[in-house]
Amino acid sequence: MHVQYEDFEKIMDIGIRLSTERDRNRLLMTILDKGMEITNCDASTLYLYENDELHFKFMKTLSKGISRGLDGETIDLPPVPMKEENVCSYAAIHREVVNISNVYASSRFDFSGPRQYDGMTGYRTQSQLVVPLANNENELIGVLQLINAMDEDGSVIAFNEAYEIIIRALGAIAAIELTNLSYVEALKTQIYSFVEALTTALEERTPYNALHTRNVEKYASLLADYITELHREGKCEKSFDGARKEQLMLAALIHDIGKMVVPLSIMNKATRLDKRLEKVDDRFALLKALYEIDMLRGRISREKYETVEKELASALAFIHEMDVVAYVNDENCERIRSLAEKRHVSEDGTVLPYLTDKEAECLCIRSGTLTVQERREMENHVVMTSKILEKVQFYKGFSMVPKWVGAHHEYLDGSGYPKGLKGDELDLETRLLTVVDIYDALVATDRPYKQPISREKAIQILKDMANKGKVDLQLVEWLDEALEKEKQ
C-alpha cells in the first residue's frame, strides 16, 4: 500500500485544525484520535515527556470502550523511564519511528509491560507504531503509541510502513503547535505576573483598593459564567468562551492600575474635610481663647463673649455635621459661606478666619467627599491606566484589554469619562466591567469614605442608573440573578 494524495490532503486538513486549536488537551486528543483514524487502529496511548520520564496522558481502546484521561483525570500508572529497552523510550531517545508487527514475537524490546496489561484486561496487543513527538528544534514533547492496526474485516494486522511518514508528519505538526501553545502560556504568565506586581504595588498604597480589584474580578467572572449558562440554555445570544473570559479577567484585574498616581489624600479621603477637620477644631479652640482675651482686656463685654462662645460651639457642631452628612443643601451651603466670611481681628491687626476658602469649598461638596478638582484627579486614574497600558505590548489574545479598561467609567448616554463614549461604542466587556465596578463600590465594607449598602439597594441603584440611560439594564438584571443563584 502506498501513500495516496488523499492522505496528504488529510494531513494538511489536520494541520490546519491543529494550528487553530488553543486548548492544550483538545490538541493532544486530536493527535491521538487522528492518528487512530489515519491508521485504522484499535487502541492508542499518548505520553508526555516530563522530568526525564514519559507520563501517561491519554489512553483509548475502541474494542473495550476504554477512554482514560479525557476529562483531565490523572492516569494512575507509573511513568515510563527513559531506558532503551522500552519501545516508547527508544523512539523518544532516538527520535525514531518504531514499527512492531507482532509484540509477542519480538525480542527487540522489553514488552513485559504490555503483556502484563493484556493479562489483566484480556486484551491482545499485537502490532504497534510508536512515533516521537518532537518540535522543529528537535525538543521532545512526548510519544504517540498506536496499537493494533486493523484491516477492512476488523482483523489485526501490522501497521503499513507507508503511513509512517504521515504519522510522523502529524506528530511534528502537533509538537510544533504544542510548543507554540507553551510560548503563548509563557506570554500569559508574563502578563499576569506584571499585573500581580502592579496590584501588589497598589495594595501597598491602599489595601481596600486591591480588595476591590479582586472583587471586580470575582463579580465579572460570576456574571460572564451566568451569561454563558444562559447561552447554553438558548436564552441569550451572548457567551464567553475560555479565551474571551480570560481576557475579561485580565481587564478586571488591571482596571484600576492608574490609581497608583492618585494622591492618597484623595484616594483615602473619608469625609469632606478629612484631616482638615483637626485644624478646624484647633482654630475654633484658638478663636475661643482669643475672644476670651478680648473680654479680659476689655475689648468686648462678658455678655458679648458668652454670645460668641455659644456661636462658636454651634458653628463647630454644624461643621462636624456637614463634614459627614449625606447631602449638603443650598441653605447649609449658604451658612458655610457665611462662616467663611467671619474673622477675628487681634489688637495687632492679625486676622484669623473661621474657615479657609478650601475648607469652605470642601464643606459645600453636595454629596461625596471630593471637591471638583479632587474628583478630576481621581477620574484621571482612567487616563493614567491607559497611559500605563500603552507601554505594555499585549499579545493578540489580550489585545482588547486596554480598550475595555480605558472605558470602564463611560456611560451609555455619553455622560461618563474620559472620552464621553456612548451606546455601541462600548463593548459588552466594557459595559460589564462598569456594572460590576459600581456594584462593588456600593456594597464594599472597607471604604474609608462611605458606609456599605445592601445588595438589594445596590442593585436598585444600578437599575435606576440603567433607567436613566447610564448602564446596561440587562447586565444589571443578570448580575442580580447570578448573585441570587450564588446564594442558593
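Here the structure is a predicted model, which means the values were calculated and not measured.

**Digging into the pattern of salt bridges**
Inference 1: Going through the model one piece at a time under the given rule, you end up with 22 salt bridges.
Inference 2: Here Asp256 ties to Lys259 by a salt bridge, and the two come within 3.2 Å at their closest N and O atoms. Both residues of the pair, Asp256 and Lys259, count as buried.
Inference 3: The partner of Arg283 in a salt bridge is Glu359, and the shortest N-O contact between them spans 2.8 Å. Taken together, the residues span a long stretch of sequence, with Arg283 in helix α9 (residues 276-296) and Glu359 in helix α12 (residues 357-363) at a distance of 76 residues.
Inference 4: Relative accessible area serves as the criterion here: at 4%, Glu359 is assigned to the buried category.
Inference 5: Three or more residues are tied together by salt bridges with common partners; here these are Arg455, Asp480, Glu484 and Lys487.

**Considerations on the packing of aromatic side chains**
Inference 1: The final tally for this structure, using the stated rule, is five aromatic pairs.
Inference 2: For the ring pair Tyr90 and Phe109, a centre distance of 5.2 Å and an interplane angle of 65 degrees mean the geometry is edge-to-face. With a gap of 19 residues between them, Tyr90 in helix α3 (residues 87-94) and Phe109 in the loop between β5 (98-100) and α4 (112-121) connect regions that are remote in the sequence. We note that Tyr90, like Phe109, is buried.
Inference 3: Considering the side-chain rings of Tyr219 and Tyr439, the 5.1 Å spacing of their centres and the 85 degrees angle between planes classify their relative orientation as edge-to-face.

**Brief notes about unusual backbone geometry**
Inference 1: Residue Tyr417 is joined to Pro418 through a cis peptide bond whose omega torsion reads 10 degrees.
Inference 2: With respect to the secondary-structure elements, Pro418 resides in the loop between α14 (401-406) and α15 (428-443).
Inference 3: Positive phi outside glycine occurs at Asp52, with the angle close to 60 degrees.
Inference 4: Its location among the elements puts Asp52 in the loop between β1 (41-50) and β2 (53-61).
Inference 5: Even without glycine at this site, Arg95 takes up a positive phi of about 50 degrees.
Inference 6: Relative to the helices and strands, Arg95 resides in the loop between α3 and β5.

**Re the environment of Leu287**
Inference 1: Looking at the secondary structure, you find Leu287 in helix α9.
Inference 2: In this structure, the C-alpha to C-alpha distance between Leu287 and Pro353, residues 66 residues apart in sequence, is 9.1 Å.
Inference 3: Contacts of Leu287, omitting those with residues within four sequence positions, involve Leu312, His344, Leu352 and Tyr354.

About the criteria used
Residues numbered from 1 in each chain as written. Predicted model: local features only at pLDDT ≥ 70, side-chain atom pairs only at ≥ 80, totals over all residues. Heavy atoms only, no water. Salt bridge = Lys/Arg side-chain N within 4 Å of Asp/Glu carboxyl O. Buried < 20%, exposed > 50% of the residue type's maximum accessible area, 1.4 Å probe, protein only. Helix = DSSP H or I, 4+ residues; strand = E, 2+ residues; numbered from the N terminus. Phe/Tyr/Trp six-rings, centres within 6.5 Å; stacked < 30°, edge-to-face > 60°. Contact = heavy atoms within 4.5 Å.

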